Amino acid sequence: MIIDLREDVGAFRSAIRDWIAQTLPSDWAEVADRGTEDEAVEYQRWWFAELAKQGLSVPHWPSEFGGVGLGIAGQMIVADEMARAGTPPLNVFVVTLNHLPGTLIPCGNADQRARYLPAASKGVVWCQGFSEPGAGSDLASLRCRAVRDGDHYVINGQKIWSSMSRFAKHCILLVRTDPNVAKHAGISFLIMDMDTPGLEVRRIEQIDGQADFSELFLTDVRVPVANLVGAENDGWRVAQATLASERGVLAFEAGERRRHMLEDYYRNAVAVKAAWLEDDEFRRQFMTHLADLQASRRMIRQLLHDHENGEAHATTAMASARIKLFQTTLIQKIAELVARLEGLDGHLRQPFNSQRRFVGMFDYLNSFGWTISGGTNEIMRNVIAERDLGLPRG
Amino acid sequence: MIIDLREDVGAFRSAIRDWIAQTLPSDWAEVADRGTEDEAVEYQRWWFAELAKQGLSVPHWPSEFGGVGLGIAGQMIVADEMARAGTPPLNVFVVTLNHLPGTLIPCGNADQRARYLPAASKGVVWCQGFSEPGAGSDLASLRCRAVRDGDHYVINGQKIWSSMSRFAKHCILLVRTDPNVAKHAGISFLIMDMDTPGLEVRRIEQIDGQADFSELFLTDVRVPVANLVGAENDGWRVAQATLASERGVLAFEAGERRRHMLEDYYRNAVAVKAAWLEDDEFRRQFMTHLADLQASRRMIRQLLHDHENGEAHATTAMASARIKLFQTTLIQKIAELVARLEGLDGHLRQPFNSQRRFVGMFDYLNSFGWTISGGTNEIMRNVIAERDLGLPRG
Amino acid sequence: MQDLMAEVRESIRTVLDERCTSLAVHAFIDGKASVDQDLRELAKDLGWLAISLPEAHGGIGLGANGLAVLNYELGRAAAPGSIIATSVALETLARSEVSADPAIAELIVSIVEGTTSLAIATSFNTPHADGAIRLIGDASANVALIPGEGDDLLLADLSNAVADQVVIWDETRSILSLPSSSMKALAVLRGSRPVLFALYAIAIAADSAGAARGTLDRTIAYMKQREQFGRLIGSFQALKHRLADHQVNAKGCDELVWQAAEQFDNGAKGALMWSLMAKANVTDAALRIAGDCVQLHGGVGFTREYDPHLFLKRAWLNEALLAPNGALRDKAASAFGEALKNGHEVLEIA
Amino acid sequence: MQDLMAEVRESIRTVLDERCTSLAVHAFIDGKASVDQDLRELAKDLGWLAISLPEAHGGIGLGANGLAVLNYELGRAAAPGSIIATSVALETLARSEVSADPAIAELIVSIVEGTTSLAIATSFNTPHADGAIRLIGDASANVALIPGEGDDLLLADLSNAVADQVVIWDETRSILSLPSSSMKALAVLRGSRPVLFALYAIAIAADSAGAARGTLDRTIAYMKQREQFGRLIGSFQALKHRLADHQVNAKGCDELVWQAAEQFDNGAKGALMWSLMAKANVTDAALRIAGDCVQLHGGVGFTREYDPHLFLKRAWLNEALLAPNGALRDKAASAFGEALKNGHEVLEIA
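Residues numbered from 1 in each chain as written. Chains lettered and ligands numbered in written order. Predicted model: local features only at pLDDT ≥ 70, side-chain atom pairs only at ≥ 80, totals over all residues. Heavy atoms only, no water.

Chain C appears in an unreviewed UniProt entry as Alkylation response protein AidB-like acyl-CoA dehydrogenase from Novosphingobium taihuense. The UniProt entry for chain C carries the following comment under Cofactor (unreviewed entry): "FAD". We quote the UniProt Sequence similarities (unreviewed entry) comment for chain C here in full: "Belongs to the acyl-CoA dehydrogenase family." (UniProt positions renumbered as here; feature names shortened; annotations may be inferred.)

So, in structure tokens, the structure goes:
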């Protein structure tokens, strides 16, 4: 397996590069672009399975659960090569790969770890049920109610912004088990199977034509008490572990993919002598964004470097907030520029983007997913102002 | 006198135009540009006296105080012609011309009106002592203390941002006469002579090299109780009249002056084949600002038109706030563009600007006077959000 | 005249507030209601297309101001359909020499009466690479205005053309694509291009200014009822300040629309210049406002179910119509230089 | 190497925090203290100019990274004087062929030892209309780097030239103006222009990034102590959000400075391109940040007595130096296109 070469950085990198070249069909991006979101997910499942054969699906997990404890530097090599080759992005596995181990390893019990992690490492899709219509930025005000009934909880309520839950087998779920205490103190953390009776998943049509997100409607859904992660009413603490799960490598990969997309975009413009290259305003805007993308990529590297060296604990939240704000704002600006460059052609509807090249309006509309989800940029500004700059609360 | 022609709009306008052409030395702007702020004030005094001879200094005042009650439409003709010819702006008389009558006519007593208004109409400079170091946007928190002593108030404290007070003979002053009640309820409004012992005027050096503003230091300054405008402790109400005094014609004139400056700037650029005309980015920025300046000029006209027709009472504050925010932001953007267009040449220090042409860095630095004073733009945004859009208070 | 304009605006707004609600627009984009056709019926019954039309052709003669009011209100409601195309093309036609031709005069009547629907080329500068012409217009459009030689326009018969309705992001309007060879020219409008440019630019600017107003009003309303952290989100100062800026800029947009329309109706030398500048500044500002309205909605702003994306996509299509804003500013800059050279006072406001 | 850089930065910062306080800078601009000369003395004593200098010339050899650190800290303190000019000119000189010449080697030593002060042309693109050359440098500068033919530079002797010290808005630095005919060429630096451009751009970007940091830090501190309406103004959310944006953009500026410096020190193909892009983006961002810091101070931001204007004017002069940012981006765009054509991976980060 390629993962066995990890100690020799050079060999590891070349092996990945060669393997991708042999394994990924040359026309996958074109096929994906003509397809739908569902077909793209199939692509991702296939790709995950191929990665697993090389030990590259969950290399960052501890060895007891199927990984090799690959450090951040090693993960960056993998992500770098994936971005470079424009492989299928693993959006559908984000919770599986990151939030799940980030929660179960520190906060789950041995049974839960044994039951779920090895299976997840083979490609089981997980989703997350945290936000609610009335509890978005203010997550702790969630109201989805779980009442103990013997060795089960009976759950009623609604969840929203559950990413990829249409494709998921399990869900990590936050519920209110005690409504009579301070809002952070009455929350519990559960694992719910997505085929449990009483659970209805309804897709949310997005402004970019996709439906990554769903709403979950729970009516007398019964979840075993054994599926409690951590203690009853200690779910807020567990959720902090979930939310803090290291996702810097994802930001890194997103930045790297855009680097290649931007480079290809310019190369192509030069090749076809695109008119906008002669337009001072557009050309300079492009260069401005190109420079800022480099700044963003460096910021992310610095964060990961600090992580690797164990220097980042105190400042991770700030640095992450800064990177989120800078990177997502930039992604939106780049998409806006490309949309303008494409002019009317960009308004022809593109159902899906394989993330190998810019697609004007699709990327622009999709960019609001970046600036809104994962903590809106408004929340990021609060975090930066208060934790980073030490400005007083309002 | 030219003012006697006011009923015939066409004749009135041509008479003003002809008279300016005969009266204003052709080189005044060049002389002024080479001069200092003090010399510019001398120019303004001379010009005010010339205007007075034609009944054009305070035409908007009621006839009993030296004016003819010229309506807004008439004032706009005067301002338009002044802007068109680039006459000396009457900055030093702003309080004299607007705040003083705006206060004394509704709130002063007959003695005060008789004593101060006719003299002011001949060119006496007034200033305003409202803000304090600790009371800027939050004016009502002012602390300058006045204690009654027989038929005088004895005043101790400090004022700041007193515009043109170096040149003023009188000052309209807000003081705290009762520190033991709610902050709005213990304020009184006084008239103070600028030669009163115990008053020290210290110029504030500004970032644009000028010193329009001063600080006033008051040490046992004695002001007669007869100089109280309105009742003791009713000064906040009186100050509202001062602050609400109609100054839309000033914004109008400022907009018109910039229109001519911008037009001249472009005409000159075309004449000398300025390199920036071939730069897509600069040329388009110029056109963007030119269009917005037109929008701003139209907004101001609409406000004045509504005033003239008595339709604006309920919305004046909102419309004024909108105009202030839009116009001053735009003035800053235009100045920034001009500073960039001038490049290094714009960094040579220009001590003064006669306001007949753009002077890059001077205008840019000066523009912060517009965005900060007269209620910061941050306060304007609060006003618009709450009064105009009806958004809830924070 | 001002009163008449206000009355016309009020009457259009009242109808749209009732017939073109958020629910109706969503029903339309979900394929559950033919709101576009309903609006065409309404336009016919209420004489909307006659508002701007010169009196010589039986219209009310409110000119570009009337055109702007109509399209502003359509934009404000994100109204389905392509009345923008019909209204601009109709005005251009009515002001051209060929309108004296009895057949064309008859055509004009049939447009006002709703039996003929006009499409119009999306752009008049660069022909599309594949030789096809793109039009903005309803699928049922039977006549179109397309580029001719130089400043000429062609009035083209679409009845034998096979037009594809292109799927676009703005779901409230419709783009057709067809081979230029499939169209038969009914008439040549000599030298009508500047008139078309000005009217098209004014209508686009008006639609965008209306869209900015519409999404801003709905966003403000949303922020007055949505709570987070135990407070109405409209009470958060950072959001309030953004809204205040949008409010002021939206007012600026309105002024630019009226500036351009007035100049056109006055036959002013600066009419074309002002219409191009209005289109450029207003569509740019509308994008900024509509984009931030999506963001200010938070999560629901990212859903198709809420309104902000309707306005945002409409604002984007507007931005792309006619010509890129940079090119319009370039054209306006040349025109401004020419005006100064010739001593034309194009910055005067009556 | 990273550690050494951090140590150097810390040592410079410590000295400037003590010797170049806000009070000291104000005393300087009020003509009451020769802080510029004090800093030149310090630079000599502490070997600041040797930080970047190649080891062959007796320097520490920290190259463009060292140059950036020094100028960043000077910008952060709004330090009076024109060390930026001397440091850039010195580096350029030391990397040119003429540095092998014993006389030039001696000159280099005298620069490091503070007996010679270098000036440098403000711009290398367009000669000034009146035939004069403008230099950035102290009034005492005795040697200058000015444009030569093509990519050559001239090392010019100023000892017989009558240089006027031009009064400029940035009171912390100094511009000289003199007739080019009055200078005697001491040496020709063949083909040194690209090296100079890169180093100059990096130093300007570093100074601006430092100035942005300096004014932002002071503004945040002010907002933690200034009250209005009974609250610290730093608690107003609208202002907090602006500061958060500035913070993030200031961090972006820092990264662009290090990006350019690293590329230069690695002798990378993209070195010149990155230095120009850093200068353009960083000076633009610094202007925005420094401008808003004036605004965020309210009334006192408009006074000469407070600090924000020092940084704003400094940021503006930086923006104007070398060449307009648009021209730099154009140059970078060409370089990027060339790099792609030649298969150079200029976007790789080690």
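**Q** Hey, could you run me through the pairing of strand 7 (residues 213-224) of chain A in this one?
**A** Consecutive side chains of a regular strand alternate in pointing toward one face of the sheet and then the other. All names here are of chain A. The pairing of strand 3 (residues 152-163) with strand 7 spans nine bridges and is antiparallel. Each residue of the ladder has a partner; that of Gly157, found in strand 7, is Leu218. Sheet topology places strand 6 (residues 199-203) next to strand 7; five bridges connect them, and they run antiparallel. Looking at strand 7, one finds that Leu199 is bridged to Leu218. (Pairing = 2+ DSSP bridges. Helix = DSSP H or I, 4+ residues; strand = E, 2+ residues; numbered from the N terminus.)

**Q** So what exactly am I meant to see when it comes to the packing of aromatic side chains here?
**A** Where two aromatic rings form a pair, the distance of their centres and the angle of their planes describe that pair. All names here are of chain B. Under the criterion given, the structure shown has 44 aromatic pairs over all chains. Here Trp28 and Tyr43 contribute two aromatic rings whose centre-to-centre distance is 5.3 Å and whose plane-to-plane angle is 55°, an arrangement assigned as tilted. Here the residue Trp28 occupies a position in helix 2 (residues 28-34), and Tyr43 occupies one in helix 3 (residues 37-53), the gap between them amounting to 15 residues. Arranged with centres 5.2 Å apart and planes meeting at 90°, the rings of Tyr116 and Trp126 form a pair that is edge-to-face. Of this pair, Tyr116 sits in helix 6 (residues 110-121) while Trp126 sits in strand 1 (residues 126-129), and the two are ten residues apart along the sequence. Residue Tyr116 is classed as buried on the basis of its relative accessible area of 4%. Classification of Trp126 by relative accessible area gives buried; the value is 1%. (Phe/Tyr/Trp six-rings, centres within 6.5 Å; stacked < 30°, edge-to-face > 60°. Buried < 20%, exposed > 50% of the residue type's maximum accessible area, 1.4 Å probe, protein only.)

**Q** Explain the side chain of A:Asp138 to me, please; I cannot follow it from the model alone.
**A** Its place among the elements puts A:Asp138 in the loop between strand 1 (126-129) and strand 2 (145-149). A distance of 2.9 Å separates the side chain of A:Asp138 from the backbone nitrogen of C:Phe229, its partner in a polar contact. The contacts of A:Asp138, once residues within four sequence positions are left out, are A:Lys183, C:Gln228, C:Phe229 and C:Gly230. (Polar contact = N/O pair within 3.5 Å; in protein donor to acceptor, adjacent residues only side chain to side chain. Contact = heavy atoms within 4.5 Å.)

**Q** Quick question: what am I supposed to make of the interface of chain D and chain A here?
**A** Size of an interface, as often reported, equals the accessible area lost when the parts are brought together. At the interface, 40 residues of chain D touch 36 residues of chain A. Note on chain D versus chain A: buried area summed over both sides is about 3600 Å², and carbon and sulfur give 63% of it. Our count for the chain D to chain A interface comes out at nine salt bridges. Across the pair D:Glu262 and A:Arg298 runs a salt bridge whose closest N-O atoms are separated by 2.8 Å. At the junction of chain D with chain A, the criterion picks out 23 residue pairs in polar contact (both at pLDDT 80 or more). When grouped by side-chain class, the residues that make up the side of chain D that touches chain A number 17 nonpolar, eleven polar and twelve charged. (Buried area = accessible area lost by both parts, 1.4 Å probe. Salt bridge = Lys/Arg side-chain N within 4 Å of Asp/Glu carboxyl O. Nonpolar A, V, L, I, M, F, W, Y, C, P; charged D, E, K, R; others polar.)

**Q** Just checking my understanding: could you explain the sheet that holds strand 4 (residues 153-157) of chain D for this structure?
**A** Through backbone hydrogen bonds, the strands of a sheet pair up, either in parallel or in antiparallel fashion. Residue and element names in this part refer to chain D. One open sheet holds the seven strands; their spatial order is 5-6-2-1-3-4-7, and the pairing between them is mixed. This sheet does not close on itself; its edge strands, each paired only once, are strand 5 (164-166) and strand 7 (184-189). Between one strand axis and the next, the sheet turns through 35° on average, direction left out of account. The pairing of strand 1 (residues 118-121) with strand 3 (residues 143-147) spans three bridges and is parallel. Bridge pairing links Ala119 to Ala144 in strand 3. (Axes fitted to C-alpha atoms, helices over the stretch in contact; angles between N-to-C directions.)

**Q** Please explain the UniProt feature "domain: Acyl-CoA dehydrogenase/oxidase N-terminal" (unreviewed entry) in chain C as it appears in this structure.
**A** On the UniProt side, "domain: Acyl-CoA dehydrogenase/oxidase N-terminal" (unreviewed entry) is annotated at positions that read residues 7-88 of chain C here. Taken end to end, residues 7-88 of chain C is 65% helix and 0% strand, and its two terminal C-alpha atoms sit 21 Å from one another.

**Q** Sorry if this is basic, but what is going on with the UniProt feature "domain: Acyl-CoA dehydrogenase/oxidase C-terminal" (unreviewed entry) in chain C here?
**A** As annotated by UniProt and renumbered to match this structure, "domain: Acyl-CoA dehydrogenase/oxidase C-terminal" (unreviewed entry) occupies residues 201-316 of chain C. Span residues 201-316 of chain C is 75% helix and 3% strand, its end C-alpha atoms 14 Å apart.

**Q** When you look at the packing of helix 8 (residues 237-265) of chain D against helix 9 (residues 271-296) of chain D in this model, what are you seeing that I'm missing?
**A** The axes of two packed helices give the description: the angle between them and the distance between them. Residue and element names in this part refer to chain D. Interhelical geometry of helix 8 versus helix 9 gives an angle of 155° and a closest axis separation of 9 Å. Classified by the angle their axes make, helix 8 and helix 9 are roughly antiparallel. Crossing geometry of helix 8 relative to helix 9 is assigned as left-handed. (Parallel < 35°, antiparallel > 145°, perpendicular 65-115°, else oblique. Left-handed = near helix turned anticlockwise from the far one by under 90°.)

**Q** Quick question: what am I supposed to make of the pairing of strand 4 (residues 170-176) of chain A here?
**A** Residues and elements named next belong to chain A. When you tally the buried positions in strand 4, you get seven out of seven residues, the bulk of the element. In strand 4, alternate side chains face the same way, and those of His170, Ile172, Leu174 and Arg176 on one face and Cys171, Leu173 and Val175 on the other are all buried. In terms of strand pairing, strand 1 meets strand 4 through four bridges, oriented parallel. Paired with Cys127 across the two strands is Cys171, which belongs to strand 4. Bridge analysis of strand 4 against strand 5 (residues 187-193) gives seven bridges, and the strand direction is antiparallel. When the sheet's bridge partners are listed, Leu173 is paired in strand 5 with Leu190.

**Q** Help me out: how do you make sense of the confidence of the model for chain C in this one?
**A** Atom-level detail of predicted coordinates should not be read off regions where pLDDT is low. This prediction gives chain C a mean pLDDT of 95; 98% of its residues lie at or above 70. Two summary scores accompany this predicted model of the complex, namely pTM at 0.96 and ipTM at 0.96. (pLDDT = per-residue confidence, 0-100.)

**Q** Whenever I open this one, the domain arrangement of chain C confuses me. Can you help?
**A** All names here are of chain C. One can read the domain layout of chain C as domain 1 (2-190) and domain 2 (194-341). In this complex, domain 1 contributes 43 residues to the contact, which on the side of domain 2 involves 39 residues. Surface buried jointly by domain 1 and domain 2 totals about 3300 Å² across both partners, of which 63% is contributed by carbon and sulfur atoms. Linking domain 1 with domain 2 are three salt bridges, by the criterion used here. Asp30 is paired through a salt bridge with Arg304; the nearest N and O atoms lie 2.8 Å apart. The interface formed by domain 1 and domain 2 contains 15 residue pairs in polar contact (both at pLDDT 80 or more). Listed by contribution, the elements that provide at least two residues to the side of domain 1 that touches domain 2 are helix 2 (22-29), helix 4 (63-76), helix 5 (83-94) and strand 1 (118-121). Counting residues per element, the side of domain 1 that touches domain 2 draws most heavily on helix 4, at eleven residues. (Domains from an automatic or database assignment.)

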